[in-house]
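Structure at a glance
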Amino acid sequence: MKKIFMMLLLALPLFAMNLELKSGYVAAHTEMMMDSTIDPINNYLKADITIENNDITTIKGKFWLEMTLFTSDKSDRDKSMYEEIEAEKFAFATYIISSIVKSEKEDGYVINGTLDFHGEKRELSADAKITTVNGSLIIEATSMILMSDYGIEMPCLMFMCVRDQVDLLIKATF
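Residues numbered from 1 in each chain as written. Predicted model: local features only at pLDDT ≥ 70, side-chain atom pairs only at ≥ 80, totals over all residues. Heavy atoms only, no water.

**Comments concerning the environment of Ile111**
Our working definition: A run of DSSP states H or I qualifies as a helix once it reaches four residues; a run of E qualifies as a strand once it reaches two. Both are numbered from the N-terminal end. Contacts between residues were defined by any pair of non-hydrogen atoms, one from each residue, lying within 4.5 Å.
For Ile111, the location among the structural elements is in strand β8 (residues 108-117). Taking C-alpha positions, Ile111 is 6.5 Å from Asp127, a pair spaced 16 residues apart along the chain. When residues no more than four places from it in sequence are discounted, the contact partners of Ile111 are Tyr95, Ile97, Ser99, Ile100, Leu124, Ser125, Ala126, Ala128, Ile130, Ile139 and Ala141.

**Focus on the state of the cysteines**
Structurally, a disulfide amounts to a covalent bond that connects the sulfur atoms of two cysteines. As a reminder, the rule being used: By disulfide we mean two sulfur atoms from cysteines, separated by a distance within 2.5 Å. Exposure is judged per residue with a 1.4 Å probe applied to protein chains only, and the accessible area is read against the type maximum: over 50% gives exposed, under 20% gives buried, and values in between give partly exposed.
For the structure on display, the rule yields one disulfide. Across a sulfur-sulfur distance of 1.9 Å, Cys156 and Cys161 are joined as a disulfide pair. Judged by the sign of its S-S torsion, about 110°, the bond between Cys156 and Cys161 is right-handed. Exposure remark for Cys156: the relative accessible area of 45% places this residue in the partly exposed category. Exposure remark for Cys161: the relative accessible area of 29% places this residue in the partly exposed category.

**Thoughts on a nonpolar patch on the surface**
Put simply, the test is: A residue counts toward a patch only above 30% relative accessible area and without a salt bridge, and it is joined to like-charged neighbours within 9 Å or, for Val, Leu, Ile, Met, Phe, Trp and Tyr, to nonpolar neighbours within 5 Å. Residue exposure ignores everything except the shown protein chains as possible cover, and the areas themselves are Shrake-Rupley values with a 1.4 Å probe. For this analysis, a salt bridge means a side-chain nitrogen from Lys or Arg found within 4 Å of a carboxyl oxygen belonging to Asp or Glu.
Together, Leu157, Met158 and Phe159 make up a nonpolar patch on the protein surface, roughly 420 Å² of accessible area in all. On the secondary structure map, Met158 appears in the loop between β11 (156-157) and β12 (160-161).

Right, here's the structure in full:
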């Protein structure tokens, strides 16, 4: 009886399943007053995510990406961005999921977690739509950060400054 009980206890972690990331990206959006939008994207999102019993609210794990893989329509601006965020010193941004809560929207959830960016860790929530399509789990989330919260001062040219607020769009397909 003791052996059966031990086998059952050892089997409990088997109910958690690792999800394999098929594709994913993070798109950022900010603006420069009286100029244009700035929309870098990073198509190299990585993930280490688990789910228990196919229950979306049990998803745990982390996402991360390399900061120098963000690109926009202007490579010279990308180089300036890498300098401003000190991408050589702080090479990765990581998001660790602490909880997922169902919202009132259809397929709507709130993902809560901690963003580790530019050497600062801050709580960050994202509104998300999580669906299953043809056997794939798809997470589409939006959030916003202030660069000043992470110790980054946005550049200015004369009186034209890049907006401190950066809107984030994340999509991951498992």
